[in-house]
Amino acid sequence: MITSLSIISTWFLGFVFIYTLWPTNRSLKHDWLLIFSLGIGAGLGLTSCIFFFTSLIFTNPRWITLILDLSILIICIYFILRRRRQTTAFNYIILNIENITYLLLLSTFLQMCIVCGISIVRYYNINPWGDWDGWAIWNLHAKFILTGGRSWASLLHQPALEWSHPDYPLLIPLSVARICTLTGELSSMGAQLVAASFTLGTLGLIISTISIYKNKLIALVAGLILVSTPSFIRLTASQCADIPLGYFILATIILLFISNNEKFNFNLQLLLSLFTGFAAWTKNEGLLFTAIMCLCWLALKFLDKEKIKTKPFILGLILSLAPLIVFKVFFSAQNDLTSSHFLNRISSLWNTERNKIIINYFGIISLKFGEWSTVPFLLMALGLIGTKWEIIKKHCILPLSITLLMLCGYYIVYLLTPLDLVYHLSTSLNRLLLQLWPSIILIWSLAINYPVKTTLLDFKVAYKSIHLAVFGLSILAINTILGFILIYSLK
Amino acid sequence: MSKVNTTQASVIKFNRSIIYNIFFLCITLSLLSLAIYNTTQSLYNMPKEGIGASRVEELRLQGLKNELDKIPNIKNINYIGDRPGLHVKDIPDLCMEEYFLSQFILAPTILELGNNNLPWAMTNLRNPKFDQEDMKHWKVIKNFNQGIILLKNQSQ
């Protein structure tokens, strides 16, 4: 109970923080789910940064952490009360055929979420500390932070623990350790709730963004694709850091997308760089993402000097990267990928054999990606037929460029890896692709051209009604089947 | 004349939009069915009950952990486990995984492999055919069964 309260309060702190910085000209009625979903990342990111410093200074950082968290909350509330925000009246949902279809689809989505939730809870009961990466890296580090006193960082860097990758960033372990410190007991529930929160946050981000910029029905279809990706659910249950990193990549791309579609806003660009830094604070791949984001930011600044300003971006990066820089400079062990002579490995970039192996693995793993019984990529690709270049140019070019640059970055890392290439590819590529999967679903949803606008007004109403009625009835049938599955799985 | 052409163009455009929307409807419904099929599959493929490796090890090492908590200023201990390749029938060769799991359970105590200069040691032996050579420096302090023994260095 106290553990749940602790994660809820962290989420609330993040929500209030995002709400404070959210542009005042945007309507809260449309953006509430997006702000709420960004809240989990902001809450866990901020509190982990604070806890990093307090745990290094104080033997028992419980009270000082609480006081600092509360101070941020009070400051945010003060700013919220000072600022005038647009108020919009709540609209009741009118029961027309479009909304009924939406509600039916929403019901399908919620039932799927329940089914996945049951799977995750069952898995947590069997493996409370997650799978290999969960316990051997993230939760082990959390245990050291929690029980190692002020000297946890030096304990973690003893040669006997080299196998646990002590150089890995600490957002997840610090979040778990902070929750356990606040509750006063070492419990796996903290780790489980942190993992589940990022999954919920990712779903919320996808659905809210597509609802705002596209269509509510497509938003739910995108959510359904994500929630039904088996490896997405399995890695949530495994408590790996790939889902949280995927969340931060998605959140940053969404914030970049919003700030690119709006007039210059200091707070929005500050949030964008904060989330970029949090990605690097989550996993080493986040460092690559941060470098790519800096490149994109420079390119955008070059293209549009009015919209992109230096101050907020640099300020946010400094704030979110400060703990990572302290950790990497003063405490961190060498990374296994950069430990051996880097210059000697540059020649691997032109090694035909290595290039062939990597391309081959990218092909094989992409086809098997997600552990789907039947892959949905062909259907998703068919959905893109009829997409207009204007839509791609307006909505997708920026997120797509970042995602493609990330893939190129992963490719180069594999070329330069000192580890056995086949082993490295087979153990990590699936997870790396999963980090980009939520962003790919977002791009897909933004790209599809649906519904196509009809021009003849006389036919339009009748056509739309028939179309939605067929859609609604089909979903009703699917809902019924799903209901049976749900009842059966609960037994 | 131009009005007729405009109407014809609008009808063609309208027909195209109907075809595309129906096409997209089919794709969406197929995606939904696929999503449900996959979720059902993954639900059945995921383990429903049982006890995972970390929980098993947590229970096995609970007694030793309580004992180590009572010893003041204990930071590093020697770890004696099954050796790779010494496995017998029906016992999987999980010696390294057991070492990592033991480290996870006993943290913040650090387990060192093959350091006979440390004052304390522990064993985690599932294999009855363990190497007696590993044990010659050590005196048994407490046996927790299931291959878990707390040892003290004889030379200290």
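Every chain is numbered independently, its residues counted from 1 as its sequence is written. Here chains are named by letter from A upward and ligands by number from 1 upward, in the order in which they appear as written. Residues qualify for local features only when their pLDDT is at least 70, as the model is predicted, and side-chain atom pairs are given and counted only at 80 or more; totals for whole chains, interfaces and linings, by contrast, use all residues.

### Regarding the overall build of chain A
Link 1 in the chain: Regarding its fold elements, chain A presents 19 helices and zero strands.
Link 2 in the chain: By the burial criterion, 46% of the 491 residues in chain A qualify as buried.
Link 3 in the chain: By definition, residue pairs are in contact when their C-beta atoms, positioned from the backbone, come within 7 Å. For chain A, the share of sequence-separated contacts (at least 6 apart) that also reach a separation of at least 24 residues comes to 82%. Only DSSP runs of H or I reaching four residues or more are called helices, and only runs of E reaching two or more are called strands; each is numbered from the N terminus. Residue burial here comes from a neighbour count, namely the number of other C-beta atoms, placed from the backbone, that lie within 10 Å of the residue's own C-beta, with 20 or more meaning buried, 12 or fewer meaning exposed, and in between meaning partly exposed.

### Section: the sheet that holds strand S4 (residues 138-143) of chain B
Either a parallel or an antiparallel arrangement is found when strands of a sheet pair, and the pairing is made through backbone hydrogen bonds.
All names here are of chain B.
Link 1 in the chain: The rule for pairing is simple: two strands pair if DSSP sees at least two bridges between them. With mixed pairing, five strands are arranged side by side in an open sheet as S2-S1-S3-S5-S4. Taken across any chain shown, the strands that pair with only one partner, and hence form the sheet edges, are strand S2 (110-113) and S4. Across the sheet, the mean angle from the axis of one strand to that of its neighbour is 35 degrees, orientation sign disregarded.
Link 2 in the chain: Where strand S1 (residues 76-81) meets strand S3 (residues 120-124), four bridges bridge the pair, whose relative direction is parallel. Counterpart to Tyr 79 in the pairing with S3 is Met 122.
Link 3 in the chain: Think of each axis as a best-fit line through the C-alpha atoms, taken over the contacting stretch in the case of a helix, with angles from 0 to 180 degrees between the N-to-C directions. Of the strands in this sheet, S3, S4 and strand S5 (148-153) touch helix H3 (residues 62-70), which is tilted by about 30 degrees from S5.
Link 4 in the chain: Contacting S1, S2 and S3, helix H4 (residues 95-106) runs over the sheet at an angle of about 150 degrees to S1.

### Concerning the packing of helix H7 (residues 171-183) of chain A against helix H8 (residues 188-213) of chain A
Residue and element names in this part refer to chain A.
Link 1 in the chain: The contact between H7 and H8 brings their axes to 9 Å, and the two run at 130 degrees. Relative to H8, H7 is oriented oblique. In this structure, H7 crosses over H8, and the sense of that crossing is right-handed. Contacts from Ile 172, Ser 175, Val 176, Ile 179 and Cys 180 in H7 reach Gly 190, Ala 191 and Val 194 in H8.
Link 2 in the chain: Each residue belonging to the contact of H7 with H8 can be placed in one class, and the counts come to six nonpolar, two polar and no charged. For classification purposes, angles smaller than 35 degrees are called roughly parallel, those larger than 145 roughly antiparallel, those between 65 and 115 roughly perpendicular, and all remaining angles oblique. Two helices that cross are described as forming a left-handed crossing if the nearer one is turned anticlockwise from the farther one by less than a right angle, and a right-handed crossing if clockwise. Note that Gly is not counted as nonpolar here; it falls among the polar residues with everything else outside the nonpolar set of Ala, Val, Leu, Ile, Met, Phe, Trp, Tyr, Cys and Pro and the charged set of Asp, Glu, Lys and Arg.

### Re the pairing of S4(B)
All names here are of chain B.
Link 1 in the chain: As defined by bridge partners, S4 adjoins S5 across five bridges and the pair is classed as antiparallel. Residue pairing across strands places Trp 138 opposite Asn 153, the latter belonging to S5.
Link 2 in the chain: Hairpin connection between S4 and S5: a loop of four residues separates the two successive antiparallel strands, and Asn 145 in this loop has a positive phi of roughly 65 degrees.

### What about the confidence of the model for chain A?
Link 1 in the chain: The predictor's confidence in any single residue is recorded as pLDDT, a number from 0 to 100. For chain A, per-residue confidence averages 85 on the pLDDT scale, and 86% of positions sit at 70 or higher.
Link 2 in the chain: Contacts of residues 454-458 of chain A to residues separated by more than four positions or lying in other chains number ten contacts, the stretch itself having pLDDT below 50.

### Observations concerning helix H1 (residues 2-21) of chain A
Residues and elements named next belong to chain A.
Link 1 in the chain: Given the number of residues in a helix, its expected span is that number minus one, multiplied by 1.5 Å. Helix length check: H1, at 20 residues, gives a terminal C-alpha distance of 29 Å against a target of 28 Å (1.5 Å per residue), a fit within 8%.
Link 2 in the chain: Ser 6, Ile 7, Thr 10, Trp 11, Leu 13, Gly 14, Phe 15, Val 16, Phe 17, Ile 18 and Tyr 19 are the residues of H1 that are buried.
Link 3 in the chain: Tucked inside the fold, the buried residues of H1 contact helix H2 (28-57), helix H3 (62-82), H7, H8 and helix H12 (266-282).

### Some points on the pairing of S1(B)
Residue and element names in this part refer to chain B.
Link 1 in the chain: Extensive coverage of S1 is indicated by the burial of five of its six residues.
Link 2 in the chain: By the bridge criterion, four bridges tie S1 to S2 in an arrangement that is parallel. Across the sheet, the residue bridging to Tyr 79 is Leu 113, located in S2.

### Let's talk about the packing of H2(A) against H8(A)
Residue and element names in this part refer to chain A.
Link 1 in the chain: It is at 8 Å that the axes of H2 and H8 come closest, and there the two elements cross at 150 degrees. Between H2 and H8, the angle falls in the class roughly antiparallel. In the crossing of H2 with H8, the sense of the turn from one axis to the other is left-handed. Counted together, His 30, Asp 31, Leu 33, Leu 34, Phe 36, Ser 37, Ile 40, Gly 41 and Leu 44 of H2 and Val 194, Ser 197, Phe 198, Gly 201, Gly 204, Leu 205, Ile 207, Ser 208, Thr 209 and Ile 212 of H8 form the full contact between these two elements.
Link 2 in the chain: For the contact of H2 with H8, a count of residues per class yields ten nonpolar, eight polar and one charged.

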